[in-house]
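Inside the fold
If you want the building blocks of each chain, they are given just below.
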Amino acid sequence: MSTVPAPLRSSGTGRTSVLRLGGYSVRLRRRTLAAAVGCLLALAAVAAWSTSTGTFELAPDRLWATLTGSGTAAEDFVVWTVRLPRLATAVGVGACLGLAGAIFQTLTRNPLGSPDILGLTQGASVGALAAIVLAGASAAAVTGSAALGALGTGLVIHLLTRGSDPSGYRIVLVGIGLAAILAGVNGYLLTRSDIIDAARAVFWLTGDLSGREWGQAATVAAVLAAGGIATFAIGRGLDALRLGEAAAAGLGANVRAVKATALVSASILTAGGVAVAGPLAFVALAAPHIAARLTGSSRSLLCAALVGALIVAAADAAALYGVDGRQLPTGVVTGVIGGVYLMWLLITQRKKGVMP
Amino acid sequence: MTVPTSPLSTANATIGYGRVAVSEGLTVDIPEGEFTVIIGPNACGKSTLLKALARTLRPSAGRVLLDGRDIHAQSTRSVAKRLGLLPQGPTAPDGITVADLVARGRYPHQGLLRQWSAEDEAVVAEAMEATAVTDLAARGVDELSGGQRQRVWIAMALAQQTPLLLLDEPTTYLDITHQIEVLDLCAELHRKGRTLVAVLHDLNQAARYATHLIAMRDGAVVAEGPPADIVTADIVDEVFDLPCVIIDDPETATPLVIPRSVRPAPVAAV
């Protein structure tokens, strides 16, 4: 091939930069990069605010001192034992849900393809409610049972939708059916419960992050790493799938393997996120749409994960400190933010006459 | 082992959907360097054959051979370097630009750490040049007319740099001007040395552009050969149940099918 003058060379399109070194080349879209950096900065700002605000306030210099290991015992406790694990869990859960939502939207080629619509969230709820109502289980057992519920739902979707699905509708229709069935089961479990279990169940169903510890943050981090690596491995194939199954196969993507891996990793990510935090409404649905608007392209799964992390971290901070000093469950705030965003999306789409 | 006479063929293949076989024991050879067009009435199995040739459908019996080897024993990536496919009615992701869509054609030549080589860039530019979409490079695919859009998809398949190109009804939903535009482009690609296989609905367009015709009915090949041999009144009647006369196309001297105005009525007139 013709010589590339320097190891670093920029392509002529003006929108993307290409880094080349020997036989290797990496493509970077500038706007995507800017959006990712913007999300990280916003996340840092939210983190700084949520770790220093509240009944125990820290000035910026004290926060820095505590983070760098020279805080007082009280400061250490508030930051390292109470606030940081909760923040880390919020970031991990949000990233899991945002990434899962983006994978499902790509897989179904449907802007509404999210674990909330496809029944995975309801499956996790069945797991959690069964553990609470039928077994009176511990918090850890509820988390495990919720994860199993989501994974089981993902498995059923996979079994019922194997084979070709040129329109992408089959997963959506099967998911909607499963969601309806599982919602019925949840209603049944709630009517069977006594008042204490019912209160606990409803609280779980709202989704909350209070009292999360490092152990839960580590669990979410592990799930995010596993799902993230699997998604990265099939990233190219998933991108080809946006052109439709036939075109993707024509380009040399292993459509069957890509779809199966995508479904499994999105299910694991949903299971991890929902099991630890409960079904935080709308995060998985809204995060990929917001990321697509920021980057001007629906291709960046990384940005969807970052936006998800930002939404949950900000919503959790708002839930803690935002409303007249009373703590709210995190899910209430994500639900309001997600619902308002969805309405705005629908209204602007109607004006433009297009789907995102 | 015998030298393959045809780059792409089916050998005694049974092809269908689920348990329903559309074609049984089908043996078809795609001749190298020809512009092959598959014709036949609706539901005759022509698109099904194309899907089998493109590796989209796996035959339940028999084999599809690419370069003499079973196509399903080869990796998707190596098949994609030999054979490009333009599926029927493809849909582009919303907001994608022409240049981005054409660039997707480089997929089988790329990897995680080989995302955009200088060769990719040159090949994509060449593909856009060949299909006359270079001026549209920065436009969104969804803003284009049907004919322009189809040319962009063909550019994507060209960027794949395959000696074989399969097109499933490339002219469907296009008005007559754009149909001819797309077919002229196909003829041009054929002249430059590619082996083309297309499914077309319009018999006269098939007769005009193809260098090799495969006529199908009820899942079986009725006749194949050069259009002048295949497009005869007898064969057209046999394949399509259409009484007709054949005249020479005044422009190209290829066969032109003129349906008869008086057809034998299925029920006696009152």
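Reading guide: rules and limits
- Residues numbered from 1 in each chain as written.
- Chains lettered and ligands numbered in written order.
- Predicted model: local features only at pLDDT ≥ 70, side-chain atom pairs only at ≥ 80, totals over all residues.
- Heavy atoms only, no water.
- pLDDT = per-residue confidence, 0-100.
- Helix = DSSP H or I, 4+ residues; strand = E, 2+ residues; numbered from the N terminus.
- Contact = heavy atoms within 4.5 Å.
- Pairing = 2+ DSSP bridges.
- Axes fitted to C-alpha atoms, helices over the stretch in contact; angles between N-to-C directions.
- Core = buried A, V, L, I, M, F, W, Y, C linked by side-chain atoms within 4.5 Å.
- Buried < 20%, exposed > 50% of the residue type's maximum accessible area, 1.4 Å probe, protein only.
- Left-handed = near helix turned anticlockwise from the far one by under 90°.
- Nonpolar A, V, L, I, M, F, W, Y, C, P; charged D, E, K, R; others polar.
- Parallel < 35°, antiparallel > 145°, perpendicular 65-115°, else oblique.

On to the confidence of the model for chain A. All names here are of chain A. Scored by pLDDT, chain A has a mean of 87; 92% of the residues are at 70 or more. Of all helices and strands in chain A, the one with the weakest mean pLDDT is strand E1 (residues 8-9) (36), whereas helix H8 (residues 214-233) scores best (95). Of the regions scoring below 50 in pLDDT, residues 1-14 engages in 24 contacts with residues more than four places distant in sequence or in other chains.

Turning next to the pairing of strand E3 (residues 24-29) of chain A. All names here are of chain A. Sheet analysis places strand E2 (residues 16-21) next to E3, joined by six bridges and oriented antiparallel. Considered in E3, the bridge of Ser-17 is made with Leu-28. Once E2 ends, the chain turns through two residues before running back antiparallel as E3, passing Gly-22 with a positive phi of about 60 degrees.

All names here are of chain B. Overall, mixed pairing links the six strands, which are arranged E6-E7-E8-E3-E9-E10 in an open sheet. Edge strands, defined here as strands with exactly one partner in the open sheet, are strand E6 (83-86) and strand E10 (220-225). Adjacent strand axes in the sheet meet at a mean angle of 15 degrees when their direction is disregarded. Where E6 and strand E7 (residues 164-168) come together, four bridges link them in parallel fashion. Bridge assignment links Gly-84 to a residue of E7, and that residue is Leu-165.

A word on the nonpolar core. Among the nonpolar cores identified, the biggest contains 135 residues, and Val-98 and Val-102 of chain B are the most heavily contacted of them. Residue contributions to this core peak at 14 residues, all from helix H3 (residues 73-108) of chain A. Grouped together as the second largest cluster of nonpolar side chains are 26 residues, Leu-26, Ile-38, Leu-53 and Leu-85 of chain B included.

Further remarks concern the packing of helix H1 (residues 30-52) of chain A against H3 of chain A. When two helices pack together, their arrangement is given by the angle between the helix axes and by the axis-to-axis distance. Residues and elements named next belong to chain A. Contact pair H1 / H3: the axes reach a minimum separation of 10 Å and the direction vectors enclose 150 degrees. Seen along the crossing, H1 lies across H3 with a hand that is right-handed. Packed against H1, whose contacting residues are Leu-43, Ala-47, Ser-50, Thr-51 and Ser-52, the element H3 presents Val-79, Arg-83, Leu-84, Leu-87 and Val-91 at the interface. Of the residues belonging to the contact of H1 with H3, the class tally is six nonpolar, three polar and one charged.

Right, let's get into the pairing of strand E3 (residues 35-39) of chain B. Residue and element names in this part refer to chain B. The buried fraction of E3 is high, at five of five residues. Both faces of E3 are covered, namely the face carrying Phe-35, Val-37 and Ile-39 and the face carrying Thr-36 and Ile-38. When E3 meets strand E8 (residues 195-199), the two strands line up parallel, connected through four bridges. Bridge assignment links Ile-38 to a residue of E8, and that residue is Val-199. Sheet analysis places E3 next to strand E9 (residues 212-217), joined by four bridges and oriented parallel. Counterpart to Ile-38 in the pairing with E9 is Ile-214.

All names here are of chain A. Two elements in contact, helix H12 (residues 283-295) and helix H13 (residues 301-322), have axes separated by 8 Å at closest approach and are oriented at 120 degrees. In terms of orientation, H12 and H13 fall into the oblique class. When the axes of H12 and H13 are compared, the crossing they make is right-handed. When H12 is examined against H13, the residues Val-283, Ala-287, Pro-288, Ile-290, Ala-291, Leu-294 and Thr-295 are found in contact with a partner set consisting of Cys-303, Ala-304, Val-307, Gly-308, Ile-311 and Val-312.

Our focus in this paragraph is unusual backbone geometry. Residue and element names in this part refer to chain B. Of note, Glu-169 is a non-glycine position whose phi angle comes to about 45 degrees, a positive value. Along the chain, the position of Glu-169 falls in the loop between E7 and helix H6 (176-191). Among the residues examined, Glu-169 registers a relative accessible area of 10% and is labelled buried. Phi at Asp-218 takes a positive value of approximately 50 degrees, unusual for a residue other than glycine. Topologically, Asp-218 is positioned in the loop between E9 and E10.

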